[in-house]
Amino acid sequence: MIIIGEKINGTIPVVKKAIEEKDADFIRQRAIDQAEAGAHYLDVCAGTSPDIEVETLKWLMDIVQDAVDTPLCIDSPNPRTIEAVLKYARKPGIINSVSEEGDKTDVIYPLIAGTDWQVIALTCDNDGIPKTAQARIDIAKSLVEKAAKYDIAPDRIHLDPLVIALATDNNSVHNFVETMRDIKEMYPTIKITSGLSNISFGMPLRKVINQAFLTIATFFGMDSAIMDPCSRDMIAALLATEALMGKDRHCRKYNDAYRKGKIGPLK
Ligand code: THG
């Protein structure tokens, strides 16, 4: 599993406060903690008002890149923000995200053509998130075909089928798995990604639901996850799932994590 650490996001109240107070130490520690926990990319999202989004994102990017070598996942709903901050990235990472909304692909795809940047592509358009798997697949197709025009191959795309809260749509996980299966059939080298916490919105014991979702999605072939790599419970669920799938030879990763105290009860 490719882990995209989610903890530097201005929509999280403690991070919002750190941004407002210019508390670089707090952001730096979150970067170090996530890198040490094994994150492969670090999501950075300003989550602030649009007028200061670019300067906030640059500030976050500089702190993270001074602290760790982990590549960034630059998270903004505004493609022009991404365009403005891309030059501050010291190595290629992931752009989060494009979709069929507005002119997102027209701005982002040319930016990353001929580079090693990857991109998260959301299956939504100007009408929002479609309800049926088929409508999502149609959007995915269009996003991949447009990327191909810029020589952006499917293996650089993390398709995010945007899982809907289970409390809103009882069929949400079935829909996610079906979309994932169909998209992988069309584009075997594409990556499928998801935020893990959307599924449990409005439910108690959210982490229990998120863990079960991570297990199911991993089993059916999800490639990357936007998640909290510092959560021992989430990492335990992930390592257990990979071991159960026969993807962890001699269960070595699982056993090592236990021995090093990364999973299991705190002693
Ligand atoms: N898909 C894509 N990008 C995304 C999402 C997605 N970016 C944003 C979001 N969803 C993923 N990021 C987060 C970040 C934080 C939380 C959930 C999703 C979260 N944090 C805890 C909270 O706020 O209570 C606490 C975290 C902490 O303290 O560190 O729930 O779906 N492409």
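A short tour of the structure in this document, coming up. Because the structure is predicted, anything quoted here is derived from the model rather than measured.

Procedures and definitions
Residues numbered from 1 in each chain as written. Predicted model: local features only at pLDDT ≥ 70, side-chain atom pairs only at ≥ 80, totals over all residues. Heavy atoms only, no water. Salt bridge = Lys/Arg side-chain N within 4 Å of Asp/Glu carboxyl O. Helix = DSSP H or I, 4+ residues; strand = E, 2+ residues; numbered from the N terminus. Buried < 20%, exposed > 50% of the residue type's maximum accessible area, 1.4 Å probe, protein only. Contact = heavy atoms within 4.5 Å. Axes fitted to C-alpha atoms, helices over the stretch in contact; angles between N-to-C directions. Parallel < 35°, antiparallel > 145°, perpendicular 65-115°, else oblique. Left-handed = near helix turned anticlockwise from the far one by under 90°. Nonpolar A, V, L, I, M, F, W, Y, C, P; charged D, E, K, R; others polar. Expected span 1.5 Å × (residues − 1). Near = heavy atom within 4 Å. Polar contact = N/O pair within 3.5 Å; in protein donor to acceptor, adjacent residues only side chain to side chain. Areas by Shrake-Rupley, 256 points an atom, 1.4 Å probe, with all protein chains shown as cover. Patch = residues over 30% accessible without salt bridge, like charges linked within 9 Å, V, L, I, M, F, W, Y side chains within 5 Å. Pairing = 2+ DSSP bridges.

## Brief notes about the pattern of salt bridges
Consideration 1: In total, this model carries 15 salt bridges according to the counting rule given.
Consideration 2: Among the ionic pairs, Arg-80 bridges to Asp-103, the shortest N-O distance being 3.0 Å. Of this pair, Arg-80 sits in helix H4 (residues 79-85) while Asp-103 sits in the loop between strand S4 (94-100) and helix H5 (104-112), and the two are 23 residues apart along the sequence.
Consideration 3: Of the charged contacts in the structure, one is a salt bridge between Arg-181 and Asp-182, with a shortest N-O distance of 3.4 Å.
Consideration 4: Taken together, the shared-partner salt bridges in this structure form one network comprising Lys-58, Asp-62, Asp-66 and Arg-90.

## Focus on the environment of Ile-192
Consideration 1: One can find Ile-192 in strand S7 (residues 191-195).
Consideration 2: Ile-192 gets classed as buried once you look at its relative accessible area, which sits at 0%.
Consideration 3: Here the alpha-carbon distance between Ile-192 and Arg-252, two residues 60 residues apart in the chain, equals 25 Å.
Consideration 4: Beyond its immediate stretch of four places on either side in the chain, Ile-192 contacts Leu-159, Pro-161, Phe-176, Met-180, Ile-183, Lys-184, Met-222, Asp-223 and Ser-224.

## Thoughts on the packing of helix H7 (residues 172-186) against helix H8 (residues 206-219)
Relative placement of two packed helices is described by the angle separating their axes and the distance separating the axes.
Consideration 1: Viewed as axis vectors pointing N to C, H7 and H8 meet at an angle of 25°, and their least axial separation amounts to 10 Å. As the angle between them shows, H7 and H8 are arranged roughly parallel. As for the relative orientation of H7 and H8, their crossing is right-handed in sense. Along its contact with H7, which presents Val-173, Phe-176, Val-177 and Met-180, the element H8 presents Phe-213, Ile-216 and Ala-217.
Consideration 2: Taken together, the residues of the contact of H7 with H8 break down into seven nonpolar, no polar and no charged.

## Re helix H3 (residues 53-67)
Consideration 1: For H3, spanning 15 residues, the distance from its first C-alpha to its last is 21 Å, which sits close to the expected 21 Å at 1.5 Å a residue.
Consideration 2: When H3 is considered as a whole, its buried residues turn out to be Glu-53, Thr-56, Leu-57, Trp-59, Leu-60, Met-61, Ile-63, Val-64 and Gln-65.
Consideration 3: Contacts from the buried residues of H3 go to strand S1 (2-9), helix H1 (13-20), helix H2 (24-37), strand S2 (41-45), strand S3 (72-75) and H4.

## Considerations on the site of the ligand
Consideration 1: Taken together, 14 residues lie around the ligand, and Lys-7, Arg-30, Asp-75, Asn-96 and Asp-160 are the ones closest in.
Consideration 2: Within the side chain of Lys-7, an N or O atom sits 2.9 Å from an oxygen atom of the ligand.
Consideration 3: A distance of 2.7 Å separates a nitrogen atom of the ligand from a polar atom in the side chain of Asp-160.
Consideration 4: In isolation the ligand offers 670 Å² of accessible surface; the protein chains occlude 69% of this area.
Consideration 5: Within the residue set of the shell around the ligand, elements represented by two or more residues are S1 and strand S5 (118-125).
Consideration 6: Of the residues that constitute the shell around the ligand, the class distribution is four nonpolar, five polar and five charged.

## Thoughts on a nonpolar patch on the surface
Consideration 1: Where nonpolar side chains cluster on the molecular surface, the patch consists of Ile-216, Phe-219 and Phe-220 and spans about 300 Å² of accessible area.
Consideration 2: Positionally, Phe-219 belongs in helix H8.

## Describing the pairing of S2
Consideration 1: In terms of burial, S2 is largely enclosed, as five of its five residues are buried.
Consideration 2: Residue alternation in S2 divides its side chains into two sets, Tyr-41, Asp-43 and Cys-45 and Leu-42 and Val-44, and both sets are buried.
Consideration 3: Where S1 meets S2, four bridges bridge the pair, whose relative direction is parallel. Paired with Asn-9 across the two strands is Cys-45, which belongs to S2.
Consideration 4: Of the strand pairs in this sheet, S2 and S3 are connected by three bridges, and their pairing is parallel. Counterpart to Val-44 in the pairing with S3 is Ile-74.

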